[in-house]
Amino acid sequence: MPNPFQPLQSALRALVENAQVLPATGQAVVDMVTPDLEEIYDQRTTGEATVQTVWETDARSRYRSIQPIHRSEEHGFRYFIDGSARTYFIGTVLEQDRSTPVQVSQVGAAMVRREDDGRICLADSRRTILLTLEKSQVSESLWQALEQALAGVADYTLCDSATNNRYAEAMQLQESRPRGAHRANWHMRELETELAQSLSRTHKEWLVVDGSLGNEFETWRGAPIIGVAKTFRRDSRFELGTGPRARKLNLFGLLKDLQENQRTLVFPRNNEGKIVFWYVRLRPQKGLDYPLMGVVKVEMPNPDREPVDSQLVDRISGWLLAERSVTPYGRDGRWHAHLYPIYIAEQVIRSRFYSEEVLKSGIRWPFQVATRGMDT
Amino acid sequence: MTRQTSQPIGRGSATERDPNTAEKFKFWIRPGQMVNPFDIIAAEHFPAEGSGKSSYTFGLVTNIQHITDAAGHLANFISNDFGEEVDAAPQTPRQGANVAEAAVLSNSADIYMPVQNESRVYFADEDKIHLALGIDGIPQERRVPAGLIQMSNGTQAVAYLDRDFVLGPEAGHVNISGISGLATKTSYAMFLIQSLLQKDPKDEIAVILLNVKYDDLLRIHEPRALSQEEHKQWQQLGLKPDPWPSDRVHYLLPCGKHTQTTGRPNSFADPPPPHKVYAYALRETASKLDLLFSDIPDPGGTLGSVIGEIMSGIGGNEAAWRAVQTWDDLLTRPPLVQQGIPQRFHNIHPSSIGRFLRLLRRVVKTRQSGIFVSQLSNRMTTIEQEIGDIRSGHTYVVDIARLAPEEQTLVFGDVLRTVYGLYSGEALPFDDYEPPRKVIIFVDELNKYAPARGHGEPSPILEQVLDIAERGRSFGIILFAAQQFLSAVHDRVTGNSATKVLGRTDSAEINAGNYRFLDQDIRSHLTRLDKGELILSHPIYRQPVKIRFPRPPFRQGRAQK
C-alpha cells in the first residue's frame, strides 16, 4: 500500500525549507481535547442555563410515561449521523520569534440508514485530513507555500486554528495546541451538518444527530431531525410555575425522579424556543451508578417557536426508548445513553481512519533539508 | 451438472490478531449467503508472473464463526432490557458477520502468498474444484469416480481418485471407518469396487469379498429398484447402475453341520445364491493350522512348536503322520495321543501337547459350525482351490457370517495366504495360469484380524494382514478394509492405506491419534455426518473432502427384505 500521507510531504518540505522545525518527540503525539467536551460545548453554545417556561401543548405533569415504539409498529428514526476527529501533534514551526504547533487531524462523519428489517447500511460519509497551524504565527510566504503544496490534493485541507473555531472561542482557549484539536472537532461538526443537510429524505424519515444541535439548526425547516446528547450541561436550572406551587429544580433534582419509560416536559433552549429540548430515561436507575446515567437529552428544531405537540414528543420519545436494544455495553463507557446506530456510524468513520502506526510511519519530517537549512 | 456463479460470496479478511497465512485464510460472508463446511471456494489472488489475469487460491471451508461487536454475553443480556425482553426483535440488530475459515488447497498459478485482505471470494465451479483438489492432473484413463462433492450453492463435482494411487503402483489400499448401523461402510466399499471395475477397460481386476454380516453381499448379482434420483446420481458419476453380472460372481458358502444331509450351506442366505460349499478337512488345512490359533496367547512359543511339527509332518507326509487323516485322528491317535494320554513328541512336553489338543478340540469339535469335516466330498471345495484359480473380471464372495470367530480367522487367513501365494510363489513350469494383475480383497471388521498395538498379541493372521498391507501393493494385492474405529486397527495397516474414508464417528474416537491427519474442525464434523456422507482422504487431494455416493444397484440381502 502506498503511503497515504504522501501528499503531506511537500507541505512538510515547505515548512522545513522556510522555517525551523522542532519535531514532536517520538513522532506524532495524539492531542486530546478536554474531557467532558460535549458537556462543555453544550454549556457554552446553548445560552441561558436557567429555564423558566415549558414549551409543549400538554404541560400538566412534570414527567410523562411513554411506551417504547418498536420499528415494527412505527419506524421513525431512519438515519443516524456521527462524526469523529483525531488530532496528532507532529512538531513546532519556528519563524523569527514566532512559533506555531503543526497538527494533523483525521476528521470524518458518517451517516447510516436503517432498513425496515433493522439492518444498517451506509448512507453517506465524509473524510478529511487537516494540516493545522496558527496562520498568524507564520509568514505570508510560508502560508502560501503550504497552500500551494496542498492545492488540488483531494481530501487534504490546510487549516488555521484561529479562524472558524467556534468551540475554542466558546471555551475562550488561548493555547495553540488545544485550539488545533478543537478546530478539528468543529470541522467534524461542519461535516456532520453538511451530511445532514445534503441528504434528501421524506418527512417520515427522521434523522438523529449525535450530540447537541448547533444554533445553525434554529432555522431548520427541512425533513425532521433531532439531536440526542449522551452528556449535557449540568448547570441547567428549571424554575417552573409561579405562585406558591412554583418549583425550582436543578438538573439533578429534575432527573432523579425521572423513571424508566418516562420523559420530562419540553423546555425551550435559551428561553426562545427555536430549539426545544427534553430528557428521556432510557434505562432504569437501579442498574446504573447515578441518576444522570441512562438519560439522554433530546433537542429538536422549532423554527416557528410554537409550543410543540406533546403527542409528537411522546412518539419521538417512544422511538428512542425502543433504541435501548441493542447497546454497546463493554465497548463504550457511555453505553447507558448511547444509541446503537450512532455507535455504528462512529465505528464506520473510525474504521476508515488510518491507524496510529500508519500515521507515525507515513508522516516524517525531511530532516536532511532542515539540517542543511540550519547550517547555512 | 455444474452451476457456475460469478457472484462473490464474501471477501478475504486478515486482521492484526488473526492474519491469513499460506496455509489458512478467513473471509467474511455476504449477508444471506449460505456457506457450509467442506464447501470449496476460490479467492482472487495476485496474477501469475507476466499474466494480467488474477490467479485463484482455492480453499476448503473448515469452519464458520459468527462474530458480533458485543464485548461479552453481558452486553447482549443488557441489550435485551437487562434480560427482561425475550421475544421482540432488537430495534437495531447487533452488527455481526459470519466469518469462514478455509484451509488452502492450491493456487491456480502456484502462488502461495497468503490470501489478501478484501480479496473477492467465490464458490468454485466443477473445473475449479478439480483444479483445487489436484484432480485435473489425473489422466482421464486413471480417473475413478469416488463420489459426488455437493456444495451449498448446488454446484456438484465428481470426486475422482487416481487409479494408480488406489490399486498401485504409486500407492494402494483403502480403509473405511465409521460407526455401524448406517450401512455406509460396506455400501461405499462396494460402490468404489464397482466404479473400479467399470473403469477397468482391460478387465484386469479380480475381487474377493468376505461377507461378514447376514447375507449382505450374497445378492450382489440381483438388481434392486432404484429411484429416479438414484439413477441420476449414478449417471452424474458416469457409472452404470447395474448389479454384478451373475456369470462373473462366485459365491463360496461354508459347509454346515447338516449340509451333508440337507445340502444347505451354513449361510444366512435363504434361499442361497448359486454357490459352492467350502470346508476344511485336516489334510487340506494342515498348512494353515497356525491360523486357527491366532487368538491364543503363546508367549513361550510351545503352541507354535506343536503346530509347526504337525504342519511339517502332515505337509511332508512323514511316516509318523501317515495314519493321521482326519481331525479325529489328530485328536485321538498317535503320534500325539496314545490310549487317550498326550504323548511327548520331539521334545515337546506332554502337557503342551495336551494344551494344544484341548484347544484344537474346542475349535474343530465343540464349537465348530460344521466347516471342519473328516473328508471333503465331491460337492465340497476349498478356499485354496477356488481362490487359487481366480480370474480377472470375476468376483468371489466368501461367506463367513455364520462361522465361529476362530473359523472366520482361518478363512480370512486362508484367502490372504492363498492370494499372496499366487504372486509370491514360484510358477509351475507346466502351468500357463496367469493370476489377475490386481486383486482387491474386501473385509469388514478388520480390527478382529489386525488389532491395534497393545490390543492383542502378534499372531499369524496379523502377520498375514501386515504382509498384504506392506508388500501386497507391489504384487497388485489391494486390501479394502472397514472397521468401526480406525484406532482399533494396527497402525501399520492404516498407515499403509493411502486412501482413507471416514463416516460418522464417535466423538471420543475422533480424539485418537489416528485422526491427526485431519484438521481439528474437520474432525468435529465427523460426528455429524449423515447417512451416505463420507469424508474422503486421498493422496492426490490436498485436503479431505466430503462426498455423497449413490445406494447400491444390487440387493443387499437382509436389508432389502
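Source: prediction; values computed, not measured.

Caption draft 1: Summary view of the side chain of Glu 101 of chain B. Residue and element names in this part refer to chain B. Residue placement: Glu 101 occurs in strand S5 (residues 96-107). When its relative accessible area of 15% is taken as the criterion, Glu 101 is described as buried. Polar contacts involving the side chain of Glu 101 include one to the side chain of Lys 24, which spans 3.1 Å. For Glu 101, the contacting residues outside a window of four places in its chain are Lys 24, Phe 25, Lys 26, Leu 60, Val 61, Thr 62 and Asn 63.

Caption draft 2: Examining helix H7 (residues 310-322) of chain A more closely. Residues and elements named next belong to chain A. Taking 1.5 Å of rise per residue, 13 residues should cover 18 Å, and H7 covers 18 Å from first to last C-alpha, within 8% of that figure. In terms of residue burial, H7 counts as a mostly covered element, since 10 of its 13 residues are buried. When H7 is considered as a whole, its buried residues turn out to be Ser 310, Val 313, Asp 314, Ile 316, Ser 317, Gly 318, Trp 319, Leu 320, Leu 321 and Ala 322. N-capping of H7 is provided by Asp 309, with a side-chain oxygen placed 3.0 Å from the backbone N of Gln 311.

Caption draft 3: Summary view of the sheet that holds strand S4 (residues 54-68) of chain B. Residue and element names in this part refer to chain B. Taken in spatial order, the six strands line up as S1-S2-S5-S4-S3-S6 and close into a barrel, and their pairing is antiparallel. Looking at each pair of strands side by side, their axes are set apart by 40° on average, direction ignored. With 11 bridges joining them, S4 and S5 adopt antiparallel strand pairing. By the bridge assignment, Leu 60 is partnered in S5 with Ala 103.

Caption draft 4: Here's a closer look at the interface of chain A and chain B. The partner chain B presents 16 residues to the 26 residues of chain A that form the contact. Carbon and sulfur atoms make up 52% of the surface buried where chain A meets chain B, a total of about 1,800 Å² over both sides. Taken together, chain A and chain B are joined by zero salt bridges. If you list the elements that add at least two residues to the side of chain A that touches chain B, you get H7 and helix H8 (340-351) of chain A. It is H8 of chain A that provides the largest number of residues to the side of chain A that touches chain B, a total of four residues. Classifying every residue of the side of chain A that touches chain B by side-chain character gives 12 nonpolar, five polar and nine charged.

Caption draft 5: Broad picture of the environment of Arg 143 of chain B. All names here are of chain B. Locating Arg 143 in the fold gives a position in strand S7 (residues 143-150). With relative accessibility at 14%, the residue Arg 143 sits in the buried group. With 122 residues separating them along the chain, Arg 143 and Pro 265 place their C-alpha atoms 40 Å apart. Arg 143 has contacts with Ile 135, Asp 136, Ile 138, Tyr 160, Leu 161 and Lys 199, leaving out every residue within four places of it along the chain. Of the polar contacts made by the side chain of Arg 143, one reaches the backbone oxygen of Ile 138; its length is 3.0 Å.

Caption draft 6: Summary view of the nonpolar core. Residues and elements named next belong to chain B. Counting residues in each nonpolar core, the largest one holds 88 residues, and the members touching the most others are Phe 27, Ile 40, Tyr 188, Ile 220, Phe 480 and Leu 536. In terms of residue count, the dominant contributor to this core is helix H4 (residues 185-198) (seven residues). Residues in contact with Phe 480, not counting those within four places in the same chain, are Val 166, Val 174, Ala 189, Leu 192, Ile 193, Leu 196, Ile 440, Ile 441, Phe 442 and Val 443. Core analysis: the second largest hydrophobic core is formed by 70 residues, Ala 206, Phe 372, Val 419 and Ile 441 among them.

Caption draft 7: Spotlight on the pairing of strand S8 (residues 156-160) of chain A. Residue and element names in this part refer to chain A. Among the five residues of S8, four are classified as buried, and the element is accordingly described as predominantly covered. Relative to S8, strand S7 (residues 120-133) runs parallel, the two sharing five bridges. Residue pairing across strands places Leu 133 opposite Asp 160, the latter belonging to S8.

Caption draft 8: How the structure looks around the side chain of His 45 of chain B. All names here are of chain B. With respect to the secondary-structure elements, His 45 resides in strand S3 (residues 40-47). Among the polar contacts listed, one links the side chain of His 45 to the backbone oxygen of Met 113, at a separation of 2.7 Å. From its side chain, His 45 meets the backbone oxygen of Pro 114 in a polar contact 3.3 Å long. Once residues within four sequence positions are removed from consideration, His 45 is found in contact with Ser 54, Ser 55, Thr 57, Asn 107, Ile 111, Met 113, Pro 114, Val 115 and Gln 116.

Caption draft 9: A look at unusual backbone geometry. Note that the residue after Gly 168 of chain B, namely Pro 169 of chain B, is joined by a cis bond; omega there is 10°. Residue position: Pro 169 of chain B is located in the loop between helix H3 (163-166) and strand S9 (174-177). A cis amide bond links Pro 334 of chain B to the next residue, Pro 335 of chain B, at an omega of 15°. With respect to the helices and strands, Pro 335 of chain B occurs in the loop between helix H10 (327-332) and strand S13 (337-338). A positive phi angle is found at Gln 96 of chain A, which is not glycine, with a value near 50°.

Conventions and cut-offs
Residues numbered from 1 in each chain as written. Chains lettered and ligands numbered in written order. Predicted model: local features only at pLDDT ≥ 70, side-chain atom pairs only at ≥ 80, totals over all residues. Heavy atoms only, no water. Helix = DSSP H or I, 4+ residues; strand = E, 2+ residues; numbered from the N terminus. Buried < 20%, exposed > 50% of the residue type's maximum accessible area, 1.4 Å probe, protein only. Polar contact = N/O pair within 3.5 Å; in protein donor to acceptor, adjacent residues only side chain to side chain. Contact = heavy atoms within 4.5 Å. Expected span 1.5 Å × (residues − 1). Pairing = 2+ DSSP bridges. Axes fitted to C-alpha atoms, helices over the stretch in contact; angles between N-to-C directions. Buried area = accessible area lost by both parts, 1.4 Å probe. Salt bridge = Lys/Arg side-chain N within 4 Å of Asp/Glu carboxyl O. Nonpolar A, V, L, I, M, F, W, Y, C, P; charged D, E, K, R; others polar. Core = buried A, V, L, I, M, F, W, Y, C linked by side-chain atoms within 4.5 Å.

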